[in-house]
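Structural characterization, general
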Amino acid sequence: MLRIQALAVIVMGIGSIVVSAPIHAQTVPQDICPRPAQGSVVSEPTEVRSYKGVLDLDLIYSGYKTTDGQQRYCYQTKDGSQAPTLRLQPGDLLILRLQNKLAALFPTGQTTGMPLSEPCSSAQMTAFSTNLHFHGMTVPPVCHQDDVLHTAVQPGNAPYEYRFRIPAGEPPGVYWYHPHVHGFTNPQVLGGASGALIVEGIERANRELAGLPERLLVIRDQDLLRPDAQPAKSGFVPPVLKDAEGDILNTGTGTGKPAKDLSINFVPVPYPDYPPATVMVRPSERQLWHILNASAITYLDIQITVGNQPQSIGVVSLDGTPINENGMARDRVLWVDHVFLPPAARVAFIFKGVPKGTQPRLITRSVDTGPAGENDPARPLAPSPLLTTLRSRHYSLRHRNRCPLPV
């Protein structure tokens, strides 16, 4: 099998998964939002699919403060799966009941006096509040759909129901959901509160994709696990400067301490050693890769290399929209050797596969964010071992199970 080692990532927009410290939470005995260990094999998020035109799901929002003081947040299904990927067809109905269970994690009395009024009544937004924003989707900003100005679900509220239909003309591709509580979004997203939503049917916009196995990689950022560690002594090491919010300022050198750590599907790739996550691929197998930059502030410049040589990837969709010029350029593939993803951006591309015996690496190149921006140096993300015996668990675009997973 082929091992892909992460070589470069630019940090400026999205949260890694190891740590985040915002609200006043107490340590609890059980890790409610468990995360994979460093160097783990990257697994696909649990998928929940629509069935007969409806996706009906209960989603629990929880949090956990680690022993080293970092705050995690997570969306969970009833069976404990975190950050499920929601898969729907255009025209499908999404019914999602969101329950806020942060109250049990905070010291007694901290939630006393918190307004428990109807979430759509302009309730006060606090560090304990939550809601959902369906990023990139053409959904009306009204209560029970995609409103984030008046909707604030508090601990103790009954489950809040989101109900809307995916527009029939919604472009196929990757979207995502995350909290959008004004004034408190950043720490929650840094803590891992995010998940992907995929509108299916991209093979109808591009026949080149029919039958390709799919892979979803969600890249998140988080506060540095080891903020006091020194960068590796390779070449010039610039001084560490911080902005007013404590983030590491851009050095303009492409090196140095990053503003945030990164993770891939919750597998952490922390500074300063960047132990890469492992992405498993079959030798020479073409796949359709979806990459979501679910970071709060980290910019990425994604690249796949073999022997330090950039490999071509075939971009077929950006931010949930096929690059077919509104259907005028059918089956279009844009072959490039890297793709820039600011926070919240998504890309779908054809991974050509690599020969057995080679060692590709998934990296993010450095991003110059300007003198006032955070530092996003080049970093490794994941190595990829070639698997010849492991049975593929990826779903084909042509032969996909339409039954929903148990929730």
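For the structure, check the block above.
These remarks concern the structure in this document. Since we're looking at a predicted model, the values are computed, not measured.

All right, on to the pattern of salt bridges then. Overall, the coordinates contain 14 salt bridges when judged by the stated rule. Close ionic contact of Glu44 with Arg215 constitutes a salt bridge, the shortest N to O distance being 3.2 Å. Here Arg215 lies in strand E11 (residues 214–222) and Glu44 lies in the loop between strand E1 (2–3) and strand E2 (47–49), a separation of 171 residues in the sequence. Overall, the relative accessible area of 14% leaves Glu44 in the buried class. The exposure class assigned to Arg215 is buried, which follows from its relative accessible area of 4%.

What follows concerns the sheet that holds strand E4 (residues 71–76). Here four strands make up an open sheet; going across it, the order is E4-E3-E6-E8 and the pairing mixed. Edge strands, defined here as strands with exactly one partner in the open sheet, are E4 and strand E8 (160–165). Neighbour-to-neighbour, the strand axes of this sheet turn through a mean angle of 20°, independent of strand direction. Pairing between strand E3 (residues 54–65) and strand E6 (residues 93–100): eight bridges, direction parallel. Of the residues in E6, the one forming a bridge with Leu55 is Leu94.

Of all six residues making up strand E22 (residues 346–351), six are buried, and the element is well covered by its neighbours. Burial of E22 is two-sided: the residues Arg346, Ala348 and Ile350 facing one way and the residues Val347, Phe349 and Phe351 facing the other way are all buried. With six bridges connecting them, strand E15 (residues 287–293) and E22 associate as antiparallel partners. Bridging from a neighbouring strand, Leu288 pairs with Ile350 of E22.

Let us look at the sheet that holds strand E5 (residues 85–88). Sheet strands pair by backbone hydrogen bonding; their relative direction is either parallel or antiparallel. Strands sit in the order E2-E5-E10-E9-E7 across an open sheet of five strands; the sheet is mixed. Only two strands of the sheet have a single partner each, and these edge strands are E2 and strand E7 (133–135). For this sheet the average axis-to-axis angle between neighbouring strands, irrespective of direction, equals 25°. For strand E9 (residues 173–178) and strand E10 (residues 195–199), the ladder comprises five bridges, and the chain directions are antiparallel.

Now for the nonpolar core. The nonpolar side chains of a soluble globular protein tend to be buried with one another. Ranked by internal contacts, the top residues of the largest apolar core, which has 33 residues, are Ile219, Ile264, Trp289, Ile291, Ile302, Leu341 and Phe349. Apart from residues no more than four positions distant in its own chain, Ile302 is found in contact with Ile219, Ile291, Asp337, His338, Val339, Leu341, Leu362, Ile363, Thr364 and Leu381. By size, the runner-up hydrophobic cluster in this structure holds 28 residues, among which are Leu57, Tyr75, Leu98 and Met137.

This part is about the packing of aromatic side chains. Following the criterion strictly, the structure yields ten aromatic pairs and no others. On the numbers, 5.0 Å between centres and 35° between planes, the contact of Tyr61 with Tyr75 is tilted. Placement of the pair is Tyr61 in strand E3 and Tyr75 in strand E4, with a sequence separation of 14 residues. Tyr75 matches Tyr61 in its accessibility class, with the two residues each being buried. Here a set of aromatic residues connected by ring pairs shows up, and it is made of Tyr61, Tyr73, Tyr75 and Tyr177.

To continue, consider the pairing of strand E18 (residues 313–318). E18 sits mainly inside the fold: five of its six residues count as buried. As paired strands, E18 and strand E20 (residues 334–336) are joined by three bridges and run antiparallel to one another. Bridging from a neighbouring strand, Ile313 pairs with Val336 of E20. Sheet topology note: the E18/E22 ladder contains four bridges and is antiparallel. Residue Ser317 lies in a different strand from E22, and its bridge partner there is Ala348. Examined bridge by bridge, E18 and strand E19 (residues 321–322) share two bridges and lie antiparallel to one another. Pairing of Ser317 across the sheet is with Pro322, part of E19. Hairpin connection from E18 to E19: two residues lie between these consecutive antiparallel strands, with Asp319 at a positive phi of about 50°.

Let's shift gears to the environment of Trp176. Note on placement: Trp176 falls in strand E9. Judged by relative accessible area, which is 3%, Trp176 ranks as buried. Spatially, the C-alpha atom of Trp176 lies 5.8 Å from that of Phe134, the residues being 42 residues apart in sequence. Ignoring anything within four residues of it in the chain, the contact list for Trp176 reads His133, Phe134, His135, Ser194, Gly195, Ala196, Leu197, Leu292, Asn293, Ala294, Ala344 and Arg346. Polar side-chain contacts of Trp176 include one of 3.5 Å to the backbone oxygen of Ala344.

This brings us to the side chain of Glu214. As for its placement among the helices and strands, Glu214 is situated in strand E11. Residue class for Glu214 comes out buried when judged on its relative accessible area of 6%. For Glu214, the side chain forms a polar contact with the side chain of Arg87, separated by 3.3 Å.

In this structure, Pro272 follows Tyr271 across a cis peptide bond, with omega equal to 5°. Along the chain, Pro272 turns up in the loop between strand E13 (267–269) and strand E14 (280–281). Even without being glycine, Tyr274 reaches a positive phi, approximately 50°. Residue classification places Tyr274 among the buried positions, given a relative accessible area of 11%. Positive phi, normally seen in glycine, also occurs at Asp319, with a value near 50°. For Asp319, the location among the structural elements is in the loop between E18 and E19.

Reading guide: rules and limits
Residues numbered from 1 in each chain as written. Predicted model: local features only at pLDDT ≥ 70, side-chain atom pairs only at ≥ 80, totals over all residues. Heavy atoms only, no water. Salt bridge = Lys/Arg side-chain N within 4 Å of Asp/Glu carboxyl O. Helix = DSSP H or I, 4+ residues; strand = E, 2+ residues; numbered from the N terminus. Buried < 20%, exposed > 50% of the residue type's maximum accessible area, 1.4 Å probe, protein only. Pairing = 2+ DSSP bridges. Axes fitted to C-alpha atoms, helices over the stretch in contact; angles between N-to-C directions. Core = buried A, V, L, I, M, F, W, Y, C linked by side-chain atoms within 4.5 Å. Contact = heavy atoms within 4.5 Å. Phe/Tyr/Trp six-rings, centres within 6.5 Å; stacked < 30°, edge-to-face > 60°. Polar contact = N/O pair within 3.5 Å; in protein donor to acceptor, adjacent residues only side chain to side chain.

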